[in-house]
Each structure stands twice: as structure tokens, then as C-alpha cells.
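Fold and contact review
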Amino acid sequence: MSYFAFTATPKEKTLQLFGEPHEDEETPQPFHTYPMKQAVEEGFIMDVLQNYTTAQSFYKLRQESEEDPLVDKRQAHQKLRYYVETHREAIRNKSRVMIDHFRNEIVRKGKIGRRARAMVVTKSRELAIRYFWSFRKYLGELNASMQPIVAFSESKTIDGESYTESKLNGFPSSKIEEKFREKPYRFLIVADKFQTGYDEPLLHTMYVDKPLGGVRAVQTLSRLNRTHPKKNDTFVLDFQNDIDKIKDAFDTYYTKTLLEEPVDPNRLANLQEDLDNDFLVYTKDNVRVLTDLFLKGADRDELDPILDQCVEHFETELEPDEQQTFKKKARAFIRSYSFLSQIISFNVPYWERLYYFLKFLLPKLPSLGREESDFNVEANVDMDSYRLEKQAAKEIQLDEAEARLKPRGTDASPRTKKPEKDYLSQVIEEFNERFGTKWTEDDKIRRYLFEELPTDITDDEEFLQKVRSSDRQNARVTVNERVVEEFQDLIMTHTDLYKKFTDDPEFKTFVQAMIFEQVYEDDS
């Protein structure tokens, strides 16, 4: 049984892992580190939850078109949410809130000797780029002596034009960390970069516009925990997550964490062997050359030819079912290695190389097995209203009890869900009902049941892996138990809802079944 606390793999460790294999590299050894609570108390890291503030978005959409087409409800909800999050009004409002807060509360109050930096965490490359543009525009209007840097992988095409980090920033990607410490750069706007293994003591503030849960929440927010002689506190403003979900994520790692089951590195070995030998998408030489270039800080124009060659093999040499299986196994390897490497020191250099190689390769592979919806949001929907409401700052108090962490599954079998159709007008009504501007207690309860509760559960990656690696009967039992746990937290906040759940078996069954259908995906 291993005790561990969350620690990101530093760059020095990565360099060491990429070196020559050790004699015992086939025998992973457990390692021991400080619990997070002890590390905070002894001053090794900062407490990143001492000043945590949430901001809630409220908006209403209206249907513009006269026609009322049948649409896939799941895809329509995703597109409506994407439409809202990328809408210029939403981005403009949030950008102004972040910049005004940073200037007034961080810079003018002299945080870290007036050298404090901020990270903006976004959920997509497009959002990162649009925030970058919005930040530059508003900072220009203010004549502020501050500038943003944007960080994302690959390139992204917006409105017919392709953008890269270096094109937007005006300097190579390898210079981002160095430039961020220099004037005039104060904001680092990221999309799935610098959220693990990034050690910058000047990073004081984080603005989160991305759903976070489980270990991903701890990884991301822990970028703030590096100490500095003049760093006395940190600050988080979160547009997407509620405090209870963040508390649950950190509680898992706060004191010592006990593994409930032994971890099996053979799962990784089997996945690696399958990926290397069954598909011939890449060679081990591809993996070695790309990771060597990556460590040397090579730009994308040196990495992409290697990846493009692998993409060509993927597209021309594999049948559709083989393509789907390769992607599933690649994701399973990344997911499992990311989890297990926090617990076990593998000393298998090739696994570390393959992890980074697949992280580069997967985003370049074509999408599979999903028909594009012909529902055009811009042609049918418009933003009726949008506003932000900032909640009171709060210190998140973590539990002292030991947490038990279950290993993630490595099931790589493809799962799909049959689409559910509904009329666009009904989808918009349901969407506004879940995310809209009503304020009655009934609406708060409805929002909890149909938005907050499902989101809290579906954002817990470790829980989802456990459920989806089980058969249907055991998965239902696991989900039902989780729903009961969630409702225990409602005794004080939604007493009537808690009472109905505990006293009305029919209502309890309805809620548990609703969550189960969203969490468990049958093979089809």
C-alpha cells in the first residue's frame, strides 16, 4: 500500500526518464512524498484554496428562424453551450472582469512586489485565441502597459485563417516561459498547456473558464502553489466550477491518500505492445526522434512532419474499425499513464516518451464515427441577454480524513450512445430552463437536478472510469450510491429537496435513473 500526495512531474524528472533505461526498469517501484497538508503547513507550497471566488454566468437565447427543425438533443445542447461560451459578448465581459480585477486587486496592491502573473485557463484552442484578442483589445483601450501570451498546441483555423502560438505571440513557442517572466507580459492564456509540470513562483492568480474535476482540478490549480519570498497568498476566480466540486477534488489529496486496490503496470505494458505492433501507425524511431526534438524546444515545423507521416499511415493503412480501436487504446494509455505515474516510479523511459508522443499525435488524427449535425446555431439562434455575477471570495476548508482513491480503468472498447431527437424550440426552452435567468426556488432546484448534479458527477473522470469499466448492474449500484452521497450535502442548502429524495422512493428512483443514463454508455 502506497502513500502519496499529488506532485507534478518536473521537467528535470522528465529529462531523467528520457535517459538510458535502468537495469530494473521492468520493476516499477512505489515512491513516497509529503502529503499536501503537511507540505502547506511546513511552507514547501502555497495553499491555493485560501482565496477562491466563483462567478456565475446567466444568459438567455432566442430562436431566430421561423422553422422548427428536429435536432439531436445532445449535439444541440453542446452547440448551444459552445455558441454562448464563444460569443463575443461573453468573452468581452469575462475579459474585462479579469483584467480589471488583476489591475485593481493584484498589481495595485503590490502582490509579489508588483511582479505577480496570472494564468487564464480555457477549454479550447479557439477560446484561448479569442480571449487573447479580447485581452489585447481591452488593454489597448486602457493604455495599460500589460500584454497577454497565448499557449496552445498545434494550429487552429478561425474564420478561414490558421493561427499558431508563435504567429500570435510574435516569438517562438520555446520562449513562452522565459517571456512570461519579463515585462510587459502579465497574462498567460492557455488551452491544455502549462496545466501540469509548470513551475513559476511569480504565478499568483488564476482565472478558470474550463470545467475541472478530480485530479485535473488539483493539477491545474496547483500551478499557483510555488513559493516566492514576497508571495503571501494566491487568488482564483472560477467561471465554471462550484466550490464544493473543487473541495471534493482536493480532499482526495489533502492528507495521505491510500490506494484501495493494487495498481497493475502490466495494463500499460499490454496497451503499449498493442499500439506498437498491431497498427503500425508509428515506429519507435518516430517516438524517439519527436520526443528528442520536443525536449530541445523545437518548433512545430520540426515536429509536424513526423506526426503527419503517422497520420497518413493511420488514414491509408487502417480500416475504420482499426482506426477507432487505435484511438481508444491511445487514449487509454495516456489516461492510465497520467494516473499511475503519480503513484509509481516506473523507470521505463519509453513509456514516458510514448505518453508525450501520443499527446501530440491524437489531436491530429481525424474524427471518427460521428455524423456532423446540420443544425446551424448562428442561423437559428441569437443571444438575448448575458451577464456575470461574481460570488463572495471564500477559503475552501479541506477535510482531515484520509481519502481512498480507486485506480482508473483501462478499458479501451468503443462506446456510443444513440442520439435523441427533439424540436429546436424545445431544446432552447430546456437550455434556457437549465442555464437561464429565473430566480425562484423551484428554478434553483431544477437547475441543481438537471445541471449541477449531472455535471458534478460526469466531470469526475475517476468515477466515470470505474462506472464504465463495470457491467450494467454493478455500474447502476455504483451510480445510485454516488447520487445518495451527493444528496447528503443538500440537508442545509435544499432541505425540501433532500427530504423528498429520502422520503419519496419514486422520486429517488427517477433521479438515480436519470443520472445513470447520462453516466453509463451501453455498447451498441
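Residues numbered from 1 in each chain as written. Predicted model: local features only at pLDDT ≥ 70, side-chain atom pairs only at ≥ 80, totals over all residues. Heavy atoms only, no water.

Helix and strand counts for the chain come out as 21 helices and 16 strands. Of the roughly 25700 Å² of accessible surface on the chain, 45% is carried by carbon and sulfur atoms. (Helix = DSSP H or I, 4+ residues; strand = E, 2+ residues; numbered from the N terminus. Areas by Shrake-Rupley, 256 points an atom, 1.4 Å probe, with all protein chains shown as cover.)

Attention now moves to the packing of helix H18 (residues 461-468) against helix H19 (residues 472-488). At a minimum axis distance of 8 Å, the contact between H18 and H19 shows a crossing angle of 150°. In this view, H18 runs roughly antiparallel relative to H19, as classed from their interaxial angle. Only Ala-475, Thr-478, Val-479 and Arg-482 of H19 make contact with H18, whose side of the interface consists of Phe-463, Lys-466 and Val-467. Looking at the contact of H18 with H19, its residues break down into four nonpolar, one polar and two charged. (Axes fitted to C-alpha atoms, helices over the stretch in contact; angles between N-to-C directions. Parallel < 35°, antiparallel > 145°, perpendicular 65-115°, else oblique. Contact = heavy atoms within 4.5 Å. Nonpolar A, V, L, I, M, F, W, Y, C, P; charged D, E, K, R; others polar.)

Take the packing of aromatic side chains next. Summed over the entire model, instances satisfying the criterion amount to 14 aromatic pairs. Each ring, one from Phe-135 and one from Phe-187, has its centre 5.1 Å from the other, and the planes form 75°; the classification is edge-to-face. Taken together, the residues Phe-135 in helix H5 (residues 125-141) and Phe-187 in strand S9 (residues 185-191) connect sequence positions 52 residues apart. Like Phe-187, Phe-135 is buried. Seen from their ring centres, Phe-487 and Phe-501 are 3.9 Å apart, and the 10° between their planes marks the pair as stacked. Taken as a pair, Phe-487 in helix H19 and Phe-501 in helix H20 (residues 495-503) lie far apart in primary sequence, 14 residues in all. You can call Phe-487 buried: its relative accessible area is 0%. Ring-pair connections join several aromatic residues into one group, and the members of that group are Phe-279, Tyr-282, Phe-314, Phe-326 and Phe-357. Note that Lys-284 overlies the ring of Tyr-350, its terminal NZ or CZ placed 5.1 Å from the centroid. (Phe/Tyr/Trp six-rings, centres within 6.5 Å; stacked < 30°, edge-to-face > 60°. Buried < 20%, exposed > 50% of the residue type's maximum accessible area, 1.4 Å probe, protein only. Lys NZ or Arg CZ within 6 Å of the ring centre and 35° of its normal.)

What follows covers the pairing of strand S5 (residues 117-122). Side-chain direction in a regular strand flips from residue to residue, so the side chains alternate between the two faces of the sheet. The buried fraction of S5 amounts to six of the six residues, a majority that puts the element mostly inside the structure. Side chains Arg-117, Met-119 and Val-121 of S5 all project onto a buried face; the interleaved residues Ala-118, Val-120 and Thr-122 project onto the opposite face, where all are buried too.

Another point: the pairing of strand S6 (residues 147-151). Among the five residues that make up S6, four are buried, leaving the element largely enclosed by the rest of the structure. Two strands pair when backbone bridges link them, and S6 and S9 are joined in this way by five bridges, in the parallel orientation. Looking at S9, one finds that Ala-151 is bridged to Val-190. (Pairing = 2+ DSSP bridges.)

Let us look at the side chain of Lys-329. For Lys-329, the position within the fold is in helix H13 (residues 320-340). The exposure class assigned to Lys-329 is buried, which follows from its relative accessible area of 18%.

Okay, the packing of helix H10 (residues 266-277) against helix H14 (residues 349-361) next. Packed helix pairs are specified by the crossing angle of their axes together with the interaxial distance, meaning the distance between the axes. Direction vectors running N to C along H10 and H14 enclose 60°, while the axes themselves pass 12 Å from each other. One way to sum up the angle between H10 and H14 is to call them oblique. For the element pair H10 and H14, the recorded crossing hand is left-handed. Packed against H10, whose contacting residues are Leu-268, Ala-269, Gln-272, Leu-275 and Asp-276, the element H14 presents Tyr-350, Trp-351, Leu-354 and Leu-358 at the interface. Its residues placed into classes, the contact of H10 with H14 shows seven nonpolar, one polar and one charged. (Left-handed = near helix turned anticlockwise from the far one by under 90°.)

Taken as a whole and assessed by the stated rule, the structure comprises 24 salt bridges. Lys-193 is paired through a salt bridge with Glu-165; the nearest N and O atoms lie 2.9 Å apart. Placement of the pair is Lys-193 in the loop between S9 and strand S10 (203-209) and Glu-165 in helix H6 (residues 165-169), with a sequence separation of 28 residues. Take Lys-193: its relative accessible area is 25%, and that puts it in the partly exposed class. (Salt bridge = Lys/Arg side-chain N within 4 Å of Asp/Glu carboxyl O.)

Within the secondary structure, Asn-241 is located in the loop between strand S11 (235-238) and helix H9 (243-254). Under the relative-accessibility criterion, Asn-241 is labelled buried at 4%. At 3.0 Å, the side chain of Asn-241 and the backbone oxygen of Lys-210 are in polar contact. Only 3.2 Å separates the side chain of Asn-241 from the side chain of Lys-245, close enough to count as a polar contact. With residues up to four places along the chain from it excluded, the contact list for Asn-241 reads Thr-54, Val-208, Lys-210, Pro-211, Leu-212 and Ile-246. (Polar contact = N/O pair within 3.5 Å; in protein donor to acceptor, adjacent residues only side chain to side chain.)

Helix length check: helix H11 (residues 284-295) (twelve residues) gives 17 Å between terminal C-alpha atoms against 16 Å at 1.5 Å per residue, within 8%. Residues of H11 that are buried: Asn-286, Val-287, Leu-290, Thr-291 and Leu-293. Angularly, the buried residues of H11 cover 160° about the axis, an arc narrow enough to put them on a single face. Buried-residue contacts for H11 involve helix H12 (300-317) and H14. (Expected span 1.5 Å × (residues − 1). Arc of directions from axis to C-beta.)

Cis peptide bonds are those with omega within 30 degrees of zero, and the linkage from Lys-183 to Pro-184 qualifies with 5°. You can see Pro-184 is positioned in the loop between helix H7 (176-180) and S9. Within the chain, Glu-154 stands out as a residue other than glycine whose phi angle is a positive 60°. For Glu-154, the location among the structural elements is in the loop between S6 and strand S7 (156-158). One non-glycine residue, Leu-280, adopts positive backbone phi at about 60°. Here Leu-280 is to be found in the loop between H10 and H11.

By themselves, these figures tell us nothing about what the structure is for.
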